[in-house]
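Listed below, chain by chain, are the residues.
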Amino acid sequence: MRRPDHRTIPTLLSSLALVLLSAAAVGAAFAEYTFRWANPIPQGNWLTALAFENDAVAYAVGNKGTVLATTDGGETWTDRTAWPEVEADLHDLVILAPGELLAAGDPPGLFRSLDGGMTWSPIDNPSTGTLYNLEEIAPGVLGAVGEGGEVVRSTDAGATWEAKTPTGAQRLVEQLWLDPLEGYVVGEFQGRRTLDGGETWELIPGFDQWEGFTNVKFLDEQHGFLFGDFDTWETTDHGATWEQVGVHFPAPIYQRQVILYDARHRLVTTGLEGAQIWETFDNGESWTMHHERMSAAGFPDLVELPGGRLLMVSTDGDLKRSDDGGATWTNATFSFGGDERVTFDALASLPGGIRIAAGNGSSHTGIPMLWLRSEDGGATWQELDAPPSMAHVHDLGHFGDAFLVAVGYEASVDRVCTSVDGGSTWQDGELPVPYQLLGSVTVPSETTAYALARGDDQTQIWRTTDQGADWERRDDGLPPTEDLYDVHFYDEQNGFVCGGWAGDADLFRTTDGGGTWTRMDTPGLPESTLREMHWFDASTAILSTYYALYRTTTGGADWTLVDDVDGARVIHFRDELHGAVRETSEGTLRVTEDGGATWTSIDLPFPGPYGGVVAVEGGFLLGGQGSVILEGRDPDAAGVGLPDRDPARVLLGPGRPNPFTAGTRVAYRLPETSRVRMTVHDANGRLVRVLADGTQPAGDHFAIWNGHADSGRPVPSGTYFLRLAGPEGRQGSTQRITLLR
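1. Concerning the overall build of the protein
At step 1: Broken down by element type, the protein carries 0 helices and 63 strands.
At step 2: Taking 2.2 N^0.38 as the reference for a compact globule, 741 residues should give roughly 27 Å; the C-alpha atoms of the protein span a radius of gyration of 30 Å, in line with that estimate.
At step 3: Viewed in the frame of its principal axes, the protein has a C-alpha envelope of about 95 × 60 × 45 Å.
At step 4: Burial status across the protein gives 59% buried among its 741 residues.
At step 5: Within the protein, contacts between residues at least 6 apart in sequence are counted, and of these 46% link residues at least 24 apart.
At step 6: Taken as a whole, the protein presents about 28000 Å² of accessible surface, with 48% of it coming from carbon and sulfur.
At step 7: If the 51 positive side-chain charges of the protein are averaged to one point and the 106 negative ones to another, these points end up 10 Å apart.

Shown next as structure tokens:
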């Protein structure tokens, strides 16, 4: 769980290279969001296919309608993605004429662009599922294959399409046509051959058992190869018979793309258990590995230019080129960490524009952690010179702009590392918790932090009150169980621990800084494990199970279901109103602008999986697999909703949202440093709440009212007035707001 910011963070995200997103609102009015890739650059979506218009101009396509273009033979690339106008994953690409592109992908399956991938139009066709492969069979003749063994064909350059006879295969991924009548289609779990343009299909001769194929290629009319996950077959009689070739890789691999130079020389990309490039000069008897990426990445497409340059795309957004036959590769994508990608599971957003991103590598492959820091709201990032000593980080919390705590492990030793200068430098430490798992941290003040460790049938709570110099156990009253997952304190003394297993919903509370804990009743909560939580104060909290979000305004005396979520694993609030929840692995995010009373699902331009999330001023920051850092921003928050500057008086913006249920945010602007008093009054003019009272500098500010009086009690529904008193000699301002209970 990523800890909430305990102060307002008046920073804005950069708007470079933005992509428009429409988001339908539920309960509150949400604006359109824009996105920027902070890492990698130019983007981080899966890339699945390449196609060249000529030696210089090429295009790459991928997930979520991703389109990139190069005009210098792959040296540099420009993002032309039109998402969300095109939301489909694109799997293959054909260039019909300069700037005229045809793509195959998710339903409706086929798309056309006449402006080099800037805009796309769906093409009416008879396919019912995803199309994975698209080929130009002859001038003006095109074929596409895909899910369910479907084959569709066009004889008028893609204007109209007809369905050919179903092949009987399950999922087709490649096709090869020797002429418009004779062709092969391959995939899961059998390949097929046609001699009449797809009117009838037969099993490839010699393959009457289940076989999975990835490619079929012919050197000439007689000599061809079939490639499977692990095996290769060769024909020298036009496909009448096939003989298995000895493929002696040092370890089992999954063959994906092949460049066939001659009968004995070929280049092969692999996937699934590490992305690699192999070369053989003796038809598979011996192999040389040129390039390796031991991660979740894969190399789904590999093409050769007439001049010999090779270009390749990866499933974590890379665009690579080789000018020496594949022996060495240059990556046109910039990413901190280079080819060895991480997953950014822990993020923090501090006042003043400071951002921290902690990426977990892999002990299995030896990929180290990656720590990044930004001082300008995420516009630029730098690697930490001396990062915390961790092989894996579980959680990252902070208070204010200086004190941070990270928990994780290093060489099977639990680590708790602290920073007192906003993450520039770190002090390494550890807790005496052998065989435990430090899984959660909460930082309620500038000196105090609590960490949860679980394992060996027990849960331990550790506290520091001196910024991490010393730690002590604070878990008296917690049961002997390791099934507690999250700890959260809203001040130094008051905190909660939640968890449960096998139908239990466990929630515990302390009012003495963890000295003693008592079990709480959970009326309104299901018999389900409690995973994440955020307590605003003694009354109001948001809590997640595996499948839903719940809210209380009564200190846990009762809970109300507020949203169904597919695995709410990270909850983060930047203030009393604005928060975000990451779903387990979907390409969506839930956001709220009213303290969690209502939530909206925001589609994201990256399919995931995601790691950490933090809500920031004007939007949110996301981390994910493939060293992804994605910034999302509500353009309405760029200015704070205020009219143009008026030097004659202070300016008070409208409450947002209005009407509201849980809270409203009001922005105001001061033309000069002055004393400010902002108050809330009821319809009879009686004072209800003082929101601000003191001297503030010139500039933009905002205040939040949660619908409570100065006594702390909630006030009834009705019309209220926000009043901002102007400095001496200046006119003040008033705004009407409506509270709905």
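Further notes follow.
2. Quick word on the packing of aromatic side chains
At step 1: On inspection of all chains with the given rule, the structure shows 26 aromatic pairs.
At step 2: With a centroid separation of 5.9 Å and 85° between ring planes, the pair formed by Trp 535 and Trp 559 is classed as edge-to-face. Of this pair, Trp 535 sits in strand β46 (residues 532-535) while Trp 559 sits in the loop between β48 (548-552) and β49 (560-564); the two residues are 24 residues apart in sequence, bridging distant segments of the chain. When sorted by exposure, Trp 535 lands in the same class as Trp 559, which is buried.
At step 3: Every member of this aromatic cluster is reached through a ring pair, and the members are Tyr 33, Phe 35, Trp 83 and Phe 620.
At step 4: Sitting over the ring of Trp 177, Arg 153 keeps its end group 4.4 Å from the ring centre.

3. Topic: the sheet that holds strand β12 (residues 141-146)
At step 1: Ordered in space as β11-β12-β13-β14, the 4 strands form an open sheet in which the pairing is antiparallel. The sheet terminates laterally at β11 (131-138) and β14 (162-163), the two strands that pair on one side only.

4. Re the environment of Ala 580
At step 1: When you line up the elements, Ala 580 lands in strand β51 (residues 579-582).
At step 2: Ala 580 sits 429 residues away from Val 151 along the chain, and the two C-alpha atoms are 43 Å apart.
At step 3: Setting aside its immediate chain neighbours within four residues, Ala 580 contacts Val 570, Ile 571, His 572, Leu 589, Arg 590, Val 591, Trp 599, Val 613 and Ala 615.

5. Focus on the sheet that holds strand β21 (residues 232-235)
At step 1: Across the sheet, which stays open at both edges, the 4 strands sit in the order β19-β20-β21-β22 with antiparallel pairing between neighbours. Each edge of the sheet is formed by a strand with only one pairing partner; in this case those strands are β19 (213-218) and β22 (243-245). Taking the axes of each pair of neighbouring strands and ignoring which way they run, one obtains an average angle of 25° across the sheet.
At step 2: Direction of pairing for β21 relative to β22: antiparallel, over a ladder of 3 bridges. Bridging across to β22, Thr 232 finds its partner in Val 245.

What counts and what doesn't
Residues numbered from 1 in each chain as written. Predicted model: local features only at pLDDT ≥ 70, side-chain atom pairs only at ≥ 80, totals over all residues. Heavy atoms only, no water. Helix = DSSP H or I, 4+ residues; strand = E, 2+ residues; numbered from the N terminus. Rg over C-alpha atoms; globule rule 2.2 N^0.38 Å. Buried < 20%, exposed > 50% of the residue type's maximum accessible area, 1.4 Å probe, protein only. Contact = heavy atoms within 4.5 Å. Areas by Shrake-Rupley, 256 points an atom, 1.4 Å probe, with all protein chains shown as cover. Lys, Arg positive; Asp, Glu negative; His and termini not counted. Charge placed at Lys NZ, Arg CZ, Asp CG, Glu CD. Phe/Tyr/Trp six-rings, centres within 6.5 Å; stacked < 30°, edge-to-face > 60°. Lys NZ or Arg CZ within 6 Å of the ring centre and 35° of its normal. Pairing = 2+ DSSP bridges. Axes fitted to C-alpha atoms, helices over the stretch in contact; angles between N-to-C directions.

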